[in-house]
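Here are the chains, one letter per residue:
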Amino acid sequence: MRTRFAFCVILGLALVLPGCGKKDAGTPVDNSAVKPGETPAAKPSEGSRNAAKQSVTIWWAQWAPADGLQQLGLEFEKEAGIAVKVHQIPWSAYQDQVFLNFGNKQTDFDIVVGDSQWIGRGAAKGLYLELTDWLPQAVDMATVHPRAARYLCEYPPGSGRFFAAPCETDAVGFAYRKDWFADPAERAAFEKKYGYELEPPDTWDQFRDIAEFFCRPGGKRYGCALLTGRGYDSLVMGYQQIMWTWGGSWGDPQTYAVDGAVNADASVEALEFMKAMLQFSPKGASNFDYGQTLEAFTNGSTAMAMDYFAFFPDLLARMKDKAGFFIMPRKGEQRAISLGGQGFSISTKRPAAQQDLARKFIAWFLQERVQKLWITKPAGFTANTSILASEEFRTATPYNAAFADSLDSLQDFWNVPAYNELLAVAQQYLGEALDGVKTPREALDKLAEEHAKILKESGLVKGE
Amino acid sequence: MGEARTGLLKFGLVGPALVLLIALNVFPLLYNVALSFTASGMTDSGGFAGTRNYAAVFSEPKFAAALRTTAVFVAAAVSAELLLGFGLALALRGRIAGNAPPPSAFLLTCLLVPMMLSPAVMGLYWNLVLNGHYGVLNQVLAFAGLGQPQWLTDPRLKLVSVLIIDIWMWTPFMMLIALAGLNSIPRYIYEAAEIDRAGAWCVFRRITLPMCAPLLVLAVLLRTTDALKQFDLVMAVTGPDDAATQTLSALLYRTIFRGDNVGLGSAYACVVLVIVIALASVFTRCIGHIQKKHGR
């Protein structure tokens, strides 16, 4: 009897102990608690010891802009007396760690700098605080580039409901070998072969010619390196801008109908074009992630490399005056560019006082004078329209002008809560098309079928 | 009173381990089973879903594909590791026909290094070796005038690449257990066989192999259950989304963490657990049968 009793006590303890986590220290706040028009950076009241201990914790991926944000955080602390801690997590684990943390009663961060595609999940599941009333009072939305506001801050895009504020605005662009393009012998040979001058390409047809021209595998030279990696989203980011430019799309954002869009003739042609470009690329370029694309360029073998502008400061530091930059080419009058970057979102699973501090920091960050500081930080890119239009910004670095021109053409992948599933199957079938497992037509037909199924299962497609 | 004290002492000794076991193994297992009947996500606890998740497991083509990939991986990896490991052990001990001096500690340590390294680190390291563009292996092949396969991008070679790494890592483990088996065979049996003028093949077939068999089956059991859970190498080499290398564990990770479907992922986990338990019981019966046959 005693034996049974002891066993029951142990079993009971074992079952109860895991549930004895720390209790919720603060009450999650509903959206009505927002305070529009709050002073961006209130000075700490004299003699207030607690003010000095206040801090805002931000989670972001481990990369150069996060270092820049931490440096700005020190400025904020000097002005407002509120410490800012930027906790950096390696990209490969970032998404998992953020959403695992959201699974707790209270998150360890006040602000998460979330990828643009996460916003639907964050908004629909009540993880991101709604900023619709507060954000336009904290910053004049007319100074935020409309494409950045649409894709980084709104959910659904164009709805006018904000769940994030712009932090790092990014776009895909191209780096090119300025020295090769300037070489008189190369220029003469190119003009003789193609009948026009060798310049950074303005159209995809010119891009193809230049890639072909510089592709000399015997001499270890290649024409181009595109984003084709299978890790998370790089293949989709590389492909979708060509797809949009050719006239294809991921589907109707109102009805979520995808058949006939994902697998439209224009999309198939775009994928065929992208696949054809691989013949001018280094070996293994059918699976080049962001880092491998940069590597193909910085190892001196490749004439043109596609990547996000946020990676270009480091590339420039390594290649110096050998590197130039250009905007994504167009086809006809169409130009489309994959959006990158992340927005500040405030966790709903934090006490109201912490959410207030988070708002103070974001409002401070969005001021034009701070944005001018932000763009001086490593890979700090802004969505502030007046800064983007200023000659000072455009000429500050060799890539700024191309970046500023890119923003008008930004578009993004689905950012609905089921984005991850949509992204994974897109990566899979686009990859199979590049690998030759399926023809581009077969791959996109299958992709359209899978996307339709996922969107239907996630409840977005109604009335079928 | 004495008996009660003894009882308390027993629980005092066993209790902590029992509590840990229940808290870290039994509770998560039961919780996982409970979750598999819900529509829970990473950030929300969904309602009761009945057997919907299990129905999805068995009707989902991805599960069938992942099961197939895992089966091919386990069969190929464990067979190759067994053959190579046993071959290495035989070469080291010279026990096919005769005897050789025990292997030097240095040689043995060198051979065991791969299994002592972290699979995740090894995955990243082999990524550099197998990279089609700048990988060491292709540089060597190019120098030798041979072709340069795209190990990490060619869909026919991706699983082969993961297999190569796994075999490289775990062959030493098989070798170690096979060596233990060979060392356990009494020397006089070989001497008797020599007196009877038994040939090398006969010695191997009638003495070495049968007497090593229980340990070899144990090694196969351990490696099979481990290979069935293959995750870290796949994550490091090709990622969890690649259909060519998506094992059951990678699919499980994808479903829970990327797909935000904890309920379905838990159902996958339960099914994988049942498969592992079924295979383990087959192997343990096999070991028992072999031991009974040899009167051990």
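All values derive from a computational prediction rather than experimental measurement.

Broken down by element type, chain B carries 12 helices and zero strands. Along the first, second and third principal axes, the C-alpha atoms of chain B reach 80 × 75 × 35 Å. Counting every position in chain B, which comprises 296 residues, the buried fraction comes to 35%. Expressed as a percentage of contacts within chain B between residues at least 6 apart in sequence, the contacts between residues at least 24 apart total 70%.

In terms of helices and strands, chain A carries 21 helices and nine strands. With 464 residues in all, chain A has 52% of them scored as buried.

On to the domain arrangement of chain A. Residues and elements named next belong to chain A. Domain boundaries assigned for chain A yield domain 1 (50–171 + 340–411) and domain 2 (172–338 + 415–457). In this structure, domain 1 and domain 2 have C-alpha centres spaced 27 Å apart. Contacts between the two partners involve 27 residues from domain 1 and, on the opposite side, 24 residues from domain 2. At the level of secondary structure, the elements contributing two or more residues to the side of domain 1 that touches domain 2 comprise helix 3 (64–80), helix 5 (119–124), strand 4 (165–177), helix 19 (400–406) and strand 9 (410–411).

Turning to the interface of chain B and chain A, a few remarks are in order. How big an interface is tends to be expressed through the accessible area that disappears when the partners come together. Every contact between the two is made by 29 residues of chain B and, on the other side, 32 residues of chain A. Secondary structure elements with two or more residues in the side of chain B that touches chain A: helix 1 (2–35) and helix 11 (248–258) of chain B. The element contributing the most residues to the side of chain B that touches chain A is helix 1 of chain B, with nine residues. Along the lines of polarity and charge, the residues of the side of chain B that touches chain A split into 12 nonpolar, 11 polar and six charged.

Another aspect to go through is unusual backbone geometry. Here the bond from Tyr155 of chain A into Pro156 of chain A is cis, since omega is -10°, no more than 30 degrees from zero. Residue placement: Pro156 of chain A occurs in the loop between helix 7 (146–153) and strand 4. Phi at Tyr256 of chain A is positive, roughly 65°, even though this residue is not glycine. By secondary structure assignment, the location of Tyr256 of chain A is in the loop between helix 11 (234–246) and helix 12 (265–277). On the neighbour-count criterion, Tyr256 of chain A (20 C-beta atoms within 10 Å) is buried. Not every positive phi belongs to a glycine, and Arg197 of chain B is a case in point at roughly 60°. Mapped onto the elements, Arg197 of chain B comes out in the loop between helix 8 (187–195) and helix 9 (200–228). Its 7 C-beta neighbours within 10 Å are what place Arg197 of chain B among the exposed residues.

Here we take up the nonpolar core. In this structure, Ile58, Phe361 and Leu430 of chain A together with Tyr268 of chain B are the most contacted members of the largest nonpolar core, which totals 200 residues. The biggest single contributor to this core is helix 7 (residues 158–183) of chain B, with 12 residues. Inspection of this core shows a minimum of three residues originating in each of domain 1 (50–171 + 340–411) and domain 2 (172–338 + 415–457) of chain A. Every residue in contact with Phe361 of chain A, bar those within four places of it in the chain, is listed here: Val56, Phe76, Ile82 and Val84 of chain A.

What follows covers the packing of helix 20 (residues 419–435) of chain A against helix 21 (residues 440–457) of chain A. Residues and elements named next belong to chain A. Taken N-terminus to C-terminus, the directions of helix 20 and helix 21 make an angle of 170°; their axes are 9 Å apart at the nearest point. When the interaxial angle is binned, helix 20 and helix 21 end up roughly antiparallel. Residues Glu421, Leu422, Val425, Ala426, Tyr429, Leu430, Glu432 and Ala433 of helix 20 touch helix 21, and the partners they reach there are Pro440, Ala443, Lys446, Leu447, Glu450, His451 and Ile454. Among the residues forming the contact of helix 20 with helix 21, the class breakdown is 10 nonpolar, one polar and four charged.

What follows deals with helix 11 of chain A. Residues and elements named next belong to chain A. For helix 11, which comprises 13 residues, the first-to-last C-alpha distance of 19 Å matches the rise-based estimate of 18 Å (1.5 Å per residue) to within 8%. Of all 13 residues making up helix 11, 13 are buried, and the element is well covered by its neighbours. Just downstream of helix 11 lies Gly247, where phi reads positive at about 110°.

Let's shift gears to the confidence of the model for chain B. Confidence in the prediction of chain B, expressed as mean pLDDT, is 88, and 96% of residues score 70 or more. Among the prediction metrics, the complex's ipTM stands at 0.74, with pTM recorded as 0.81.

With that settled, consider the pairing of strand 8 (residues 337–346) of chain A. For a regular strand, the rule is simple: side chains alternate between the two faces of the sheet. All names here are of chain A. The element strand 8 is largely enclosed, with a buried count of 10 among its 10 residues. Looking at chain direction, strand 3 (residues 111–115) and strand 8 are connected through five bridges and run antiparallel. Residue Asp115 lies in a different strand from strand 8, and its bridge partner there is Gln342. Direction of pairing for strand 4 relative to strand 8: antiparallel, over a ladder of six bridges. The partner of Asp170 across the bridge, within strand 8, is Gly340.

The next thing to look at is the environment of Ala198 of chain B. Residue and element names in this part refer to chain B. Mapping Ala198 onto the fold places it in the loop between helix 8 and helix 9. What makes Ala198 partly exposed here is the crowd of 17 C-beta atoms within 10 Å. For the pair Ala198 and Ala76, spaced 122 residues apart in sequence, the C-alpha to C-alpha distance is 33 Å. Here Ala198 is in contact with Ala193 and Val203, once residues within four sequence places are set aside.

This brings us to the pairing of strand 2 (residues 83–89) of chain A. Residue and element names in this part refer to chain A. Bridge analysis of strand 1 (residues 55–61) against strand 2 gives seven bridges, and the strand direction is parallel. Within the sheet, the bridge partner assigned to Val56 lies in strand 2 and is Val84. Regarding topology, helix 3 serves as the crossover connection from strand 1 to the parallel strand 2, and that connection is right-handed.

On to the confidence of the model for chain A, then. Overall, the predicted model of chain A reaches an average pLDDT of 89, with 88% of residues at or above 70. Predicted confidence for residues 1–49 of chain A stays below pLDDT 50, and this span has 63 contacts to residues more than four positions away or in other chains.

Within the fold, Ser118 of chain B resides in the loop between helix 4 (105–116) and helix 5 (119–130). Distance from Ser118 of chain B to Val78 of chain B, taken between C-alpha atoms, is 19 Å for residues 40 residues apart in sequence.

Conventions we followed
- Residues numbered from 1 in each chain as written.
- Chains lettered and ligands numbered in written order.
- Predicted model: local features only at pLDDT ≥ 70, side-chain atom pairs only at ≥ 80, totals over all residues.
- Helix = DSSP H or I, 4+ residues; strand = E, 2+ residues; numbered from the N terminus.
- Buried ≥ 20, exposed ≤ 12 C-beta atoms within 10 Å, placed from the backbone.
- Contact = placed C-beta atoms within 7 Å.
- Domains from an automatic or database assignment.
- Nonpolar A, V, L, I, M, F, W, Y, C, P; charged D, E, K, R; others polar.
- Core = buried A, V, L, I, M, F, W, Y, C linked by C-beta atoms within 7 Å.
- Axes fitted to C-alpha atoms, helices over the stretch in contact; angles between N-to-C directions.
- Parallel < 35°, antiparallel > 145°, perpendicular 65-115°, else oblique.
- Expected span 1.5 Å × (residues − 1).
- pLDDT = per-residue confidence, 0-100.
- Pairing = 2+ DSSP bridges.
- Right-handed = clockwise from strand over helix to strand, strands pointing away.

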